[in-house]
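So you can see what is in the structure, the chains are spelled out below.
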Amino acid sequence: MTENNNLLLEVKDLRTHFPLRLGTVRAVDGVDLNIRYGQTVGVVGESGCGKSVMARSVMRIEPTPGRIMSGELLLYRRTAEKRKSDIAQPGFTDIIDMAQLDPKGPEARGIRGAEIAMIFQEPMASFSPVHTIAWQIIEGILIHQDVDRTEARRIAIRMLEQVSMPHPERIIDRYPHQLSGGMRQRAMIAMALSCQPSLLVADEPTTALDVTTQAQILTLMRELQRDLGMAIMFITHDLGVVAKMTEYVYVMYLGKIVESASVVDLFHDAKHPYTEALLRSIPQLGRRTHQGKAEPLAVIPGGVPDPFSIPSGCPFHPRCHRIVEGVCNVREPTSIEVGENHQVRCVLYE
Amino acid sequence: MLEYIIRRILLAIPTLIMISIISFVVIQLPPGDFLTSYIAQIRSEEGDLAAEEAAEGGRVAVLRQRYGLDQPLPVQYWRWITNIVLRGDFGYSFEQKVGVRTLIWERLALTIVLSGTTMLFTWLVAIPIGVLSAVKQYSLMDYFFTTLGFLGLAIPNFLLALILMWVAFRYFDTSITGLFSSHYIDAPWTWGKVLDLMKHLWLPVLILGMSGSASLIRTMRANLLDELNKPYVETARAKGVKENTLIWRYPVRVALNPFVSTIGWALPALVSGSTIVSIVLSLATTGPLLLRALISQDMFLAGAFVLLLSTLTVIGTLISDILLVVLDPRIAYE
Ligand SMILES: Nc1ncnc2c1ncn2[C@@H]1O[C@H](COP(=O)(O)OP(=O)(O)OP(=O)(O)O)[C@@H](O)[C@H]1O
Ligand SMILES: [Mg+2]
């Protein structure tokens, strides 16, 4: 199995829960997920299925009162030289379980921003409104790299050039509100990549942007991935973006991974009824019925259930059109290997 | 930026002129003036004849002429304001029978020292507590300070002053009134006097600062709770910034901005709010004297205080506006 070589992050049975007054929200409830060095992995699912909480748990910045209840977050670390020199060599030096770290402690902080970096959905709100772009990028560089302020500024300007920011020497001293949405997201990407992370977690980085800017940012991210070689965990609810950006996809539903497959397999040979439904809900040019009319868009019936009362058995069964009565609503399905690197969690394939 | 500051300063000038006119008119509004009540006083004390005489020529007429009290209002105003601006002459206190100038400055200075110290105290106490209460929301400490805060808001300042006075008198056999020990009151300024002031200052500062601190803790806590969930805090965390550094550097910094704009009116509010406490504790600040001047229609004395305190407000607002622009880049200064 080649995929075990080059392993960067291995998430095993991750559970992040929110103990609230009304009950416990199991936002992430048993997620298994692997990312290899340099790989681009997509995580898709409807709003509220736990994508953001999962991503934040990986960074150990799970929002309060959220807590990692169990599971492992194994980070296969390589020293900086090894990371750069030869990606093909499985030369990691140590394995660290991020789930065991104190989220505010020095080890977790040393990993955040340096080995795992993150970009967010709202580029405006994600920058401090009262500090310049320079200030905010340089801060991270000074934390993780042994350089002085002038050198840090040089690195920051170089990063801004790398993300194709126009006039980086001037833009760097601006405040976030003086930049356009696309420029802010470029600055955010520059900030995240300024310490050459092995993994970039991107939580819906283009959702808040207009379509043109969205395309530009996606292209930019692909180029950066090619040039810098970092792995990307790309979170989105847009399957079009998944097709464009990723190699491997995890489909998430109510805190669980229901299907995982390579992009090609997922689009041509989806197994889980939820994935099928997601695929049917993408608007597609050229998909027409015999009469030449546009095929109506399928909508997944029902809504995402209330997080406090997750259905018993398979959590998707109330909305599933292939439900097997007496099984799906009773027993939780296990994960089944249905092809090479293709897992699905559905009783139909057991 | 510089241009903005200069423009703001220039804009303050017409405001100040308006304020001086309003101050003057307000002082003139009550029927009669000090001289009418002065004549009435002479009449009751020395009889009708003396009053007649005083009104015709003599004492009153001299005063009337000197301050142009028989002139139309605009002329009086012009004389009053030019004397202040050109010669620093604020007129004459009819009641105290000395120039207003000799009465106001020390009191004004003490008032500024007292209010300034109180504000500083309030900020130094309230901001760290507010931050802690927000960061450790619903902790024991949060509940403790919440309770204390509501007590602080609910107890009127003057009542606290009375209670503390009684406690000091009853159990420690000392009097805690005044800003100076008795032998320093009329003494010239020396280091000894300054130290003596410091020794007396803490109590009124504590009393005056209590409700201010209590409400500032509440506001700071609420503002910060809003900011703590903002995405930029998460970004900083994702960069690996230390939690404590991060809280003070980002959300506290943003949550503090609105307070800067309150300096302008917090200071005058403190000055007028301290009047009752000053009376109770017999502090030689502006409040008690202004009150007396207003009651006895001692127009030039009252006018000087109203004018100076309003000017302070304008200057305070100006400073906080400029500070706000310096601190918050989002506020455009076009
Ligand atoms: N701070 C929090 N406190 C309580 N519950 C939370 C918190 N953050 C998230 N949750 C809950 O966790 C669940 C998953 O939320 P999450 O934000 O991860 O969804 P998502 O998949 O990222 O959705 P979206 O596409 O809208 O971003 C939701 O039910 C949400 O209510
Ligand atoms: Mg999300």
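Predicted model only: the values in this text are computed from it and were never measured. (Residues numbered from 1 in each chain as written. Chains lettered and ligands numbered in written order. Predicted model: local features only at pLDDT ≥ 70, side-chain atom pairs only at ≥ 80, totals over all residues. Heavy atoms only, no water.)

1. Here's the deal with the overall build of chain B
Logical step 1: On a plain count of helices and strands, chain B comes out with 15 helices and two strands.
Logical step 2: Within the span of chain B, comprising 334 residues, buried residues form 44% of the whole.
Logical step 3: Treating the 25 positive side-chain charges of chain B as one cloud and the 24 negative ones as another, the clouds have centres 10 Å apart. (Helix = DSSP H or I, 4+ residues; strand = E, 2+ residues; numbered from the N terminus. Buried < 20%, exposed > 50% of the residue type's maximum accessible area, 1.4 Å probe, protein only. Lys, Arg positive; Asp, Glu negative; His and termini not counted. Charge placed at Lys NZ, Arg CZ, Asp CG, Glu CD.)

2. Details of the site of ligand 1
All names here are of chain A.
Logical step 1: By nearness alone, 17 residues border ligand 1, and Ser47, Gly48, Lys51, Ser52 and Val53 come closest of all.
Logical step 2: Take Lys51: an N or O atom from its main chain is 2.9 Å from an oxygen atom of ligand 1.
Logical step 3: Residue Thr64 places a main-chain N or O atom 3.4 Å away from a nitrogen atom belonging to ligand 1.
Logical step 4: Computed on the free molecule, ligand 1 has an accessible area of 630 Å², of which 71% lies beneath the protein chains in the complex.
Logical step 5: Among the elements of the structure, strand E1 (7–20), strand E2 (23–36) and helix H1 (51–59) are those that each provide at least two residues to the shell around ligand 1.
Logical step 6: When grouped by side-chain class, the residues that make up the shell around ligand 1 number nine nonpolar, five polar and three charged. (Near = heavy atom within 4 Å. Polar contact = N/O pair within 3.5 Å; in protein donor to acceptor, adjacent residues only side chain to side chain. Areas by Shrake-Rupley, 256 points an atom, 1.4 Å probe, with all protein chains shown as cover. Nonpolar A, V, L, I, M, F, W, Y, C, P; charged D, E, K, R; others polar.)

3. Some details on the environment of Ile207 of chain B
Residue and element names in this part refer to chain B.
Logical step 1: Along the chain, Ile207 falls in helix H9 (residues 191–228).
Logical step 2: Separated by 76 residues in sequence, Ile207 and Val131 place their C-alpha atoms 22 Å apart.
Logical step 3: Not counting residues within four places of it along the chain, the set of residues in contact with Ile207 comprises Asn157, Leu160, Ala161, Leu164, Val277 and Leu281. (Contact = heavy atoms within 4.5 Å.)

4. Notes on the interface of chain A and chain B
Interface size is commonly expressed as the accessible area that is lost once the parts come together.
Logical step 1: Contacts between the two partners involve 27 residues from chain A and, on the opposite side, 20 residues from chain B.
Logical step 2: The contact between chain A and chain B buries some 2100 Å² in all, and 63% of this surface belongs to carbon and sulfur atoms.
Logical step 3: A per-residue breakdown of the area chain A buries against chain B is headed by Arg109, Val130 and Glu139 of chain A, which together make up 26% of the total.
Logical step 4: Taken together, the links from chain A to chain B amount to three salt bridges.
Logical step 5: The salt bridge partner of Arg56 of chain A is Glu234 of chain B, with a shortest N-O separation of 2.5 Å.
Logical step 6: Those elements that place two or more of their residues in the side of chain A that touches chain B are H1, strand E6 (116–119), helix H4 (133–144) and helix H7 (181–193) of chain A.
Logical step 7: Of the residues forming the side of chain A that touches chain B, the biggest block, six residues, is contributed by H4 of chain A. (Buried area = accessible area lost by both parts, 1.4 Å probe. Salt bridge = Lys/Arg side-chain N within 4 Å of Asp/Glu carboxyl O.)

5. Focus on the pairing of strand E7 (residues 199–203) of chain A
All names here are of chain A.
Logical step 1: In terms of burial, E7 is a largely internal element, five of the five residues being buried.
Logical step 2: Note: E6 against E7, four bridges, orientation parallel. Bridging across to E7, Met118 finds its partner in Val201.
Logical step 3: Pairing analysis gives five bridges linking E7 to strand E8 (residues 231–236), with the strands arranged parallel. The partner of Leu199 across the bridge, within E8, is Ala231.
Logical step 4: Taken together, E7, helix H8 (residues 211–228) and E8 constitute a β-α-β crossover, and its handedness is right-handed. (Pairing = 2+ DSSP bridges. Right-handed = clockwise from strand over helix to strand, strands pointing away.)

6. Section: the packing of helix H6 (residues 100–135) of chain B against helix H13 (residues 263–280) of chain B
Residues and elements named next belong to chain B.
Logical step 1: Two elements in contact, H6 and H13, have axes separated by 10 Å at closest approach and are oriented at 120°. Considering the angle they form, H6 stands oblique to H13. Remark: the crossing between H6 and H13 carries right-handed chirality. Residues Thr111, Ser115, Thr118, Met119 and Trp123 of H6 pack against Ile263, Ala266, Leu267, Leu270 and Val271 of H13.
Logical step 2: Here the contact of H6 with H13 is composed, by residue class, of seven nonpolar, three polar and no charged. (Axes fitted to C-alpha atoms, helices over the stretch in contact; angles between N-to-C directions. Parallel < 35°, antiparallel > 145°, perpendicular 65-115°, else oblique. Left-handed = near helix turned anticlockwise from the far one by under 90°.)

7. A closer look at the domain arrangement of chain B
Residues and elements named next belong to chain B.
Logical step 1: Under the domain assignment, chain B is made up of domain 1 (2–96) and domain 2 (100–297).
Logical step 2: Put simply, the middle of domain 1 and the middle of domain 2, counted by C-alpha atoms, are 35 Å apart.
Logical step 3: Across the boundary between the two partners, domain 1 contributes 16 residues, which contact 10 residues of domain 2.
Logical step 4: It is Phe90, Glu95 and Gln96 that lose the most area in domain 1 upon contact with domain 2, and together they represent 46% of the buried surface on that side.
Logical step 5: Along the contact surface separating domain 1 from domain 2 lie zero salt bridges.
Logical step 6: One can count two residue pairs in polar contact (both at pLDDT 80 or more) joining domain 1 with domain 2. (Domains from an automatic or database assignment.)

8. A few points about the pattern of salt bridges
All names here are of chain A.
Logical step 1: Applying the stated criterion to the full structure yields 23 salt bridges over all chains.
Logical step 2: Of the charged contacts in the structure, one is a salt bridge between Asp227 and Arg226, with a shortest N-O distance of 3.4 Å.
Logical step 3: The class of Arg226 is exposed, set by a relative accessible area of 60%.

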